[in-house]
Amino acid sequence: MKAGRITSGFWLVAALLALWELSARLHWVDSPNWPALSQVLAALFHDIASGELPPLIGGTLWRMGAGLAAGSVAGVVVGLAFCLAPVTRMLLAPAVELLRPIPVPAVIPPLVLFLGLDDPMKITVVALTAFFPVLTNTMQGVAAVEAEAIQMGRTFGVGPLRRAAFIVLPATLPYALAGVRVALGLSLVVAVVAEMIAGEAGIGHYLVMMQFAGRAPEMYATIILLSVLGYALNRGFVAVERRAIHWWFALGRQADG
Amino acid sequence: MAFLELDALGKFYPQPGGAPPARIMERVSLTVPEGEFLAVLGPSGCGKSTLLQMVAGLTTPSEGEARINGRAVAGPPPEAVYLFQQYNRSLLPWRNCRDNVAFATEHRLGRKPARAAADEQLAQVGLAGFGDHYPWQLSGGMQQRVAIARALAAEPALLLMDEPFSAVDALTRIQLQSLILDIWARRKLTVMLVTHDVEEAIFLADRIAVLTPRPSTIGEVIEVGLPRPRDAIATREAPRFLELRHHLLNRLLARDAA
Amino acid sequence: MRLRTLLPGLFVVAMIIAFLEFAVDAGMIRRALLPPPSATAEVLWELLSTGEFLPPLLSTLKLVFAGFFLGSAIGIGLGTAMGVSPAMYRLFEPLVELIRPIPKSALVPPLMLFLGIDDAMKITSVTLVVTFPVLLNTLQGVRGVDRVMLDAARTHGWGLGHTLWHMILPAALPFILAGMRVSLGLAMVLAVLSEMLAGQGGLGFLILDMQRSFQLRQMYAWLVILAVLGLLLNSIFLLAERRALFWQRR
Ligand SMILES: Nc1ncnc2c1ncn2[C@@H]1O[C@H](COP(=O)(O)OP(=O)(O)OP(=O)(O)O)[C@@H](O)[C@H]1O
Ligand SMILES: [Mg+2]
């Protein structure tokens, strides 16, 4: 699919999609759960054009964005604190590490008690998900700051706060952003998961409703929409990243994780 | 009262597991008058960077003290600027050259004046018009010029240089040496240069202090006595130059001076 | 020595728990939201001592393990094939790129339509989410093997199998294990989620069910069990990873 070159893989995808269409049209698979691709796409366009999906997408994206922003900021702040003031790390790291391995869906039921079924709960769940990858990457980033760069600041008489803001923070940014990129993918998924488990809002809830109602085309259309959304968000973020830290890519570095 | 005094400086690092501390350096004493160009010569790993960092206030000495204008060094002194061995690590890759140079002064002067001054400094090291370039767009020699411009922007009275030319090619090194001599003469700086390059030390310095192997101390201080201004080619062919080179290489390679 | 550096932090955790106990007692937090930790501990002790915790735990563990091993096997197999053979790469790359961005948790509802609410559905969803990080990391690792090393293998007359086993896979191992570490966390997430949605049993189901029937002490007790399971699996994997990568000094 890249650069218009048609390879065997393209034909494989085309064949599978054709098989999907034909198997449903010609009743090779005879099930109400197996609509044809064309029906699914028609449902997708219809639900968008009828104005049913857009507000749901908007709500899900808002919860995702708010949670991602809150979690990322918290991750960067805590990461910087852990590295620059080791006491905080000594005192708080075990508490953080005890929370990390809890699978996110499991924190939804208790959070529902405290925050209800609506936005505050869902945003908190997303924030909690986004927090950990950003924290890990920020700490890696601070560890990778060149000692020479910090000493350079000292030799010119630059104070510790200014050094943190103008040397440590920019040097850490590529790592933190890589963490946010990972968190971005998780955030969309978790926002949808939270909607599936609790409340009556957003794409996730719509998906479950369509399953219960046995409206298979709408259900598959929702999944396609989510995939496109996830792909587009990732692409958009990478584009922003490439502009924001162009110097990092010019150095030919990579910060994954 | 001399401008810079090193008074019985010593450094040791604690060892893990209760072993006796590793002694890097002991009883380094030296006085440097204002305006002198001093070179400190020693083999790799003998503690040259450590010594220079103690003078720059970036490392605290384990024994003794360094004094500038009679005041003991505790933390980076305002008179001195340290020029790093690895320019590629001390330049900030997210800032262009102008803003890198401005970094030396913007916390005191504010951003705008610092930038204006930065352009001037860049011109002085032969990089006029490169203000908008990023460090990684320049060659190694040019990057080191940016670092020099940044050091000069802080208008130091004392310039501490840690093998500043060891990472550039031989021809660039000769050009940068002449540039430093030129700036030193114009600005009436005091320079303390650390190097393992015998010819560099002779070509640049008024005096050369030779460090012994670890635990290192000053083994010998030599007056260079070559006339100034020095010439990149002619000075290197002067009999006195060759004589000093012979003597120092013999010393560093631990052969008997015949 | 590690324990001593951990102690202050564990003390803070104990303080937090003690504070919660006090806060609930003093009425600062409503009992309807959070029972006192001591009450939760009592329930937890009951679950543990009677052995009641075991069946749900094992049921969740089964999903995680089955999905994790299946998904890892598919990911490593396909990733290696795609990394070694350009033809396989051309054949599967577009398909992988197409399926990769699909949020696997959103596939649980359709899977329920086809596979019902049994283990088959749950294991399939865990397998799906595990496969992709492992596949992509394996691919990256295998493709990153030094060409010089491969040429060296050729000059020694090694066959494909020998080269794979003794050169390519060891070199790709750090990448593969990193992918598996990510996948292990995702496997737990999908196992819990599919238990919640299919509602038959397992830790995920119990946590949600206890909340819905307002048995909060039970809910928190099961949550603690799940958290400990997560912590254990994660620690065991990290330990195994460090063992396997002993030659990678870091
Ligand atoms: N933090 C430390 N702990 C223990 N030993 C150290 C530490 N820092 C430096 N050293 C030791 O001090 C010695 C001197 O280091 P220094 O960098 O000053 O040498 P140098 O003469 O500048 O070497 P080079 O020519 O390679 O730059 C080295 O042998 C090094 O191993
Ligand atoms: Mg050095």
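Residues numbered from 1 in each chain as written. Chains lettered and ligands numbered in written order. Predicted model: local features only at pLDDT ≥ 70, side-chain atom pairs only at ≥ 80, totals over all residues. Heavy atoms only, no water.

**A few points about the domain arrangement of chain B**
All names here are of chain B. Segmenting chain B into domains produces domain 1 (4–79 + 156–257) and domain 2 (91–155). The distance between the C-alpha centroids of domain 1 and domain 2 comes to 25 Å. Between domain 1 and domain 2, the residue contacts involve 15 residues of the former and twelve residues of the latter. Summing both partners gives a buried area of about 1,100 Å² for domain 1 against domain 2, and 63% of it is carried by carbon and sulfur. (Domains from an automatic or database assignment. Contact = heavy atoms within 4.5 Å. Buried area = accessible area lost by both parts, 1.4 Å probe.)

**Some thoughts on the packing of aromatic side chains**
This model, assessed by the stated rule, comprises 15 aromatic pairs over all chains. A centroid spacing of 5.8 Å and a plane angle of 85° characterise the contact between W34(A) and F114(C), whose relative ring orientation is edge-to-face. You can see W34(A) sitting in the loop between α1 (8–25) and α2 (37–49) and its partner F114(C) sitting in helix α5 (residues 108–115), one on each of two chains. W34(A) sits in the partly exposed class, given a relative accessible area of 27%. Exposure remark for F114(C): the relative accessible area of 39% places this residue in the partly exposed category. Feature note: the residues W20(A), W34(A), Y220(A) and F114(C) constitute an aromatic cluster, connected by ring pairs. Across the ring face of F203(B), the terminal group of R236(B) is positioned such that the distance to the ring centre comes to 4.4 Å. (Phe/Tyr/Trp six-rings, centres within 6.5 Å; stacked < 30°, edge-to-face > 60°. Helix = DSSP H or I, 4+ residues; strand = E, 2+ residues; numbered from the N terminus. Buried < 20%, exposed > 50% of the residue type's maximum accessible area, 1.4 Å probe, protein only. Lys NZ or Arg CZ within 6 Å of the ring centre and 35° of its normal.)

**Re the site of ligand 1**
Residue and element names in this part refer to chain B. Every residue near ligand 1 is listed here: Y13, I24, S44, G45, C46, G47, K48, S49, T50, Q85, E163 and R214. A distance of 2.9 Å is found between an oxygen atom of ligand 1 and a backbone nitrogen or oxygen belonging to G45. In the model, an oxygen atom of ligand 1 is placed 3.4 Å from a nitrogen or oxygen of the Q85 side chain. Computed on the free molecule, ligand 1 has an accessible area of 640 Å², of which 61% lies beneath the protein chains in the complex. Top element by residues in the shell around ligand 1 is helix α1 (residues 48–55). It accounts for three residues. Grouping the constituent residues of the shell around ligand 1 by class yields three nonpolar, six polar and three charged. (Near = heavy atom within 4 Å. Polar contact = N/O pair within 3.5 Å; in protein donor to acceptor, adjacent residues only side chain to side chain. Areas by Shrake-Rupley, 256 points an atom, 1.4 Å probe, with all protein chains shown as cover. Nonpolar A, V, L, I, M, F, W, Y, C, P; charged D, E, K, R; others polar.)

**Some points on the sheet that holds strand β5 (residues 71–72) of chain B**
Residue and element names in this part refer to chain B. Pairing in this open sheet of four strands is antiparallel, and the strands run β2-β1-β4-β5 from one edge to the other. Strands at the two margins of the open sheet, each flanked by one partner only, are β2 (22–32) and β5. Relative to strand β4 (residues 63–68), strand β1 (residues 4–13) is paired through five bridges, and the arrangement is antiparallel. Across the sheet, residue G10 finds its bridge partner in β4, namely E63. On the sheet, α1 packs against β1, β2 and β4 and is oriented at approximately 125° with respect to β1. (Pairing = 2+ DSSP bridges. Axes fitted to C-alpha atoms, helices over the stretch in contact; angles between N-to-C directions.)

**Details of the interface of chain A and chain C**
Taken together, the contact between chain A and chain C spans 42 residues of the former and 48 residues of the latter. Where chain A meets chain C, there are zero salt bridges. The interface formed by chain A and chain C holds four residue pairs in polar contact (both at pLDDT 80 or more) in total. Contributing elements (two or more residues each) for the side of chain A that touches chain C: α1, α4 (86–99), α5 (108–115), α8 (160–197), α9 (202–213) and α10 (216–244) of chain A. Of all the elements, α4(A) adds the most residues to the side of chain A that touches chain C, at seven residues. Class assignment of the residues belonging to the side of chain A that touches chain C gives a composition of 34 nonpolar, six polar and two charged. (Salt bridge = Lys/Arg side-chain N within 4 Å of Asp/Glu carboxyl O.)

**Here we look at the coordination of the magnesium ion (ligand 2)**
Residues and elements named next belong to chain B. Here the magnesium ion (ligand 2) is held by the protein donor atoms S49 (OG) and Q85 (OE1), which lie 1.9 to 2.8 Å from it. Taken together, the positions of S49 in helix α1 and Q85 in the loop between β6 (80–83) and α2 (87–90) put the pair 36 residues apart, joining distant regions of the chain. Using a relative accessible area of 23% as the deciding quantity, one classes Q85 as partly exposed. (Donors = N, O, S within 2.8 Å, 3.2 Å for Na, K, Ca; no water.)

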